[in-house]
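Single-letter residue listing:
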Amino acid sequence: MDPTVEGGNAKEDEGLGFGRSLPAPSVQELVRNDSNWVPERYIQEPKYRPVGSLISHNSTGIPVINMSLLAQGDADELQKLDFACKDWGFFQITHHRVAEEVTSNTKTAVATFFDLPQKEKKKYAMAENDVQGYGQGYIVSEEQKLDWCDLAFLMTYTDKHKRFKKWPLNCTRLQVFEKYSTEINKLVEEVFAHLSLLLGLERESLQKMHREIRLGTRMNYYPCCSRPILGIGVSPHSDGSSLTFLPQDDEITSLQIKHHRRWVPVKPISNAIVVNIGDAVESWSNGMYKSIEHRAVISEKKARISIATFVLPEDETIIGPVPRGVASCQPKMYKNIEYVDYIRYSLSRKMDGKANIEYLKV
């Protein structure tokens, strides 16, 4: 069986205009065909393997933010959020209003998709000119080392931007995504309101700076790997979004973030959602809040899925230091650029830590 995820029909959809990723074998199918084989392209160079890199096993310092306290105007909780964005770039939120059932149903829908036969999934493959659909991302050369991961990417919010042509037209599943995206968007608006105030801006400033908020959802499938110490689920990178929202798998600690030059495993908290600062907010805040390098490791014992929702500004939105509030109190460190130009640049390169942010700097 040929496990390659091939491109679809580009004429069916004009695509996002962000760029493209080269096709690559489906890791899930490779494992189905031979669960003991790890092809050479998935064996990372020793310096990029999780084993041997500096690991901190103390993840108690990763801030946990109580959204209920923030909503009540708790000053201490707001300062904790400020510290999280400045020092960690990551935090977990609890007591949010995204129902556990909604998250669970979304995870089930994603798992159902990846359980489909490969022939069926290939009907929803990425087109040649697009990153939406089923396949892989950030593959820019035939020699590049690959992540141990298959993915599907969809625009899921708003009605104007969502694209479900690359998803099985099953009403129940579509309703699940629509419900989840609506709930996440409400949470996005809450978090933006608090961050705006911390940056010395009006409460709705960050939301308005997007022009219109878009949500893009990346669904990852990580098969079991017979030699997990040799590979990586997702290579180290920072996110090109403004914020990213990720409900974790309660059973497996796989997300690691780089904090003070050490990799810190993020231990899941039941029904919590991990939020991280993206490159756009780093630019808008003039480096006050920083996007942080992170990666996903793989397991020999259990396959898993993850669902990351990226908050994306409109294409023509200008990212660059805001000329007011706290970002204006120091020399300008980032240039002004249209968001779409930055996304096109980042998608034309492989994931490589914080390398892309240099493109934004003055």
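Residues numbered from 1 in each chain as written. Predicted model: local features only at pLDDT ≥ 70, side-chain atom pairs only at ≥ 80, totals over all residues. Heavy atoms only, no water.

1. Re the packing of aromatic side chains
- The final tally for this structure, using the stated rule, is 11 aromatic pairs.
- Consider the rings of Phe113 and Tyr134, whose centres lie 5.8 Å apart with planes at 75°: the pair is edge-to-face. In this pair, Phe113 is assigned in helix α4 (residues 100–114) and Tyr134 in strand β3 (residues 133–135), connecting sequence segments 21 residues apart. For the residue pair Phe113 and Tyr134, the accessibility class agrees, reading buried in each case.
- Among the aromatic residues, those joined into a ring-pair cluster are Phe113, Phe114, Tyr124, Tyr134, Phe164, Trp167, Phe177 and Tyr221.
- When the ring centre of Trp263 is taken as origin, the NZ or CZ atom of Arg295, which lies over that ring, is 4.0 Å away.
- Geometry around Tyr359 places Lys335 over its ring, the cationic atom sitting 4.6 Å from the centre. (Phe/Tyr/Trp six-rings, centres within 6.5 Å; stacked < 30°, edge-to-face > 60°. Helix = DSSP H or I, 4+ residues; strand = E, 2+ residues; numbered from the N terminus. Buried < 20%, exposed > 50% of the residue type's maximum accessible area, 1.4 Å probe, protein only. Lys NZ or Arg CZ within 6 Å of the ring centre and 35° of its normal.)

2. Examining the nonpolar core
- One finds Leu195 and Phe245 to be the most contacted residues of the largest nonpolar core, which totals 81 residues.
- Here the element with the most residues in this core is helix α6 (residues 171–198); it accounts for 10 residues.
- Once residues within four sequence positions are removed from consideration, Leu195 is found in contact with Leu81, Cys85, Leu206, Leu243, Ile277 and Tyr289.
- Within the second largest apolar cluster, 19 residues are counted, among which are Val27, Leu30, Tyr42 and Ile139. (Core = buried A, V, L, I, M, F, W, Y, C linked by side-chain atoms within 4.5 Å. Contact = heavy atoms within 4.5 Å.)

3. Here we look at the layout of surface pockets
- Reported here for the largest pocket is a volume of approximately 590 Å³.
- Residues that form the lining of the largest pocket fall into these classes: 11 nonpolar, eight polar and 13 charged.
- Taken as a whole, the second largest pocket encloses approximately 440 Å³ of empty space.
- As for the second largest pocket, its lining consists of 22 residues, of which Lys107, Gln248, Asp249, Asp250 and Ile305 are closest to the centre.
- For the lining of the second largest pocket, the element with the most residues is α4, which contributes five residues. (1 Å grid on protein atoms, 1.4 Å probe; cavity = no way out; pocket = protein on both sides within 12 Å on 5 of 7 lines; lining within 4 Å. Points joined across faces, edges and corners; volume = space filled by probe spheres on them. Nonpolar A, V, L, I, M, F, W, Y, C, P; charged D, E, K, R; others polar.)

4. Topic: the confidence of the model for the protein chain
- Per-residue confidence for the protein chain gives a mean pLDDT of 90, with 93% of residues at or over 70.
- This model gives residues 5–12 a pLDDT under 50, and the stretch forms 22 contacts once residues within four places in sequence are excluded. (pLDDT = per-residue confidence, 0-100.)

5. Quick notes on the sheet that holds strand β10 (residues 273–277)
- Here eight strands make up an open sheet; going across it, the order is β1-β2-β10-β7-β12-β5-β4-β3 and the pairing mixed. The sheet terminates laterally at β1 (64–66) and β3, the two strands that pair on one side only. Averaged over all pairs of adjacent strands, the angle between their axes in this sheet comes to 25°, without regard to strand direction.
- Where strand β2 (residues 90–94) lies against β10, four bridges are found, and the strand directions are antiparallel. Note that in β10 the partner of Phe90 across the bridge is Asn276.
- Most of the contacts of α4 go to strand β12 (residues 304–312), to which it runs at about 115°, and overall it touches β3, β4 (150–157), β5 (214–222), β7 (243–247) and β12. (Pairing = 2+ DSSP bridges. Axes fitted to C-alpha atoms, helices over the stretch in contact; angles between N-to-C directions.)

6. With respect to the pairing of β12
- Among the nine residues in β12, nine count as buried, and that is most of the element.
- Of the two faces of β12, the one holding Arg304, Ser306, Ala308, Phe310 and Leu312 and the one holding Ile305, Ile307, Thr309 and Val311 are both buried throughout.
- Pairing analysis gives nine bridges linking β5 to β12, with the strands arranged antiparallel. What sits directly across from Tyr221, in β12, is Ile305.
- In the sheet, β7 pairs with β12 via three bridges, with the strands oriented antiparallel. Bridge assignment links Thr244 to a residue of β12, and that residue is Phe310.

7. Quick notes on the sheet that holds strand β6 (residues 234–237)
- Taking strand neighbours across the sheet as the criterion, the four strands line up as β6-β11-β8-β9 in an open arrangement whose pairing is antiparallel. Across the chains shown, the open sheet's two edge strands, defined by having one partner strand only, are β6 and β9 (262–265). Mean inter-strand twist for the sheet, computed between neighbouring axes without regard to direction, equals 20°.
- Pairing of strand β8 (residues 255–259) with strand β11 (residues 294–296), which is carried by three bridges, proceeds in the antiparallel orientation. Counterpart to Gln256 in the pairing with β11 is Arg295.

8. Concerning the pairing of β10
- The buried fraction of β10 amounts to five of the five residues, a majority that puts the element mostly inside the structure.
- The two faces of β10 match: Ile273, Val275 and Ile277 on one face and Val274 and Asn276 on the other face are all buried.
- Pairing analysis gives five bridges linking β7 to β10, with the strands arranged antiparallel. Counted as the bridge partner of Leu246 is Val274 from β10.

9. Quick notes on the side chain of Ser254
- Checked against the element boundaries, Ser254 lands in the loop between β7 and β8.
- According to the relative accessible area criterion, Ser254 is buried, its value standing at 3%.
- Of note is the side chain of Ser254, whose polar atom sits 2.6 Å from the side chain of Arg304. (Polar contact = N/O pair within 3.5 Å; in protein donor to acceptor, adjacent residues only side chain to side chain.)

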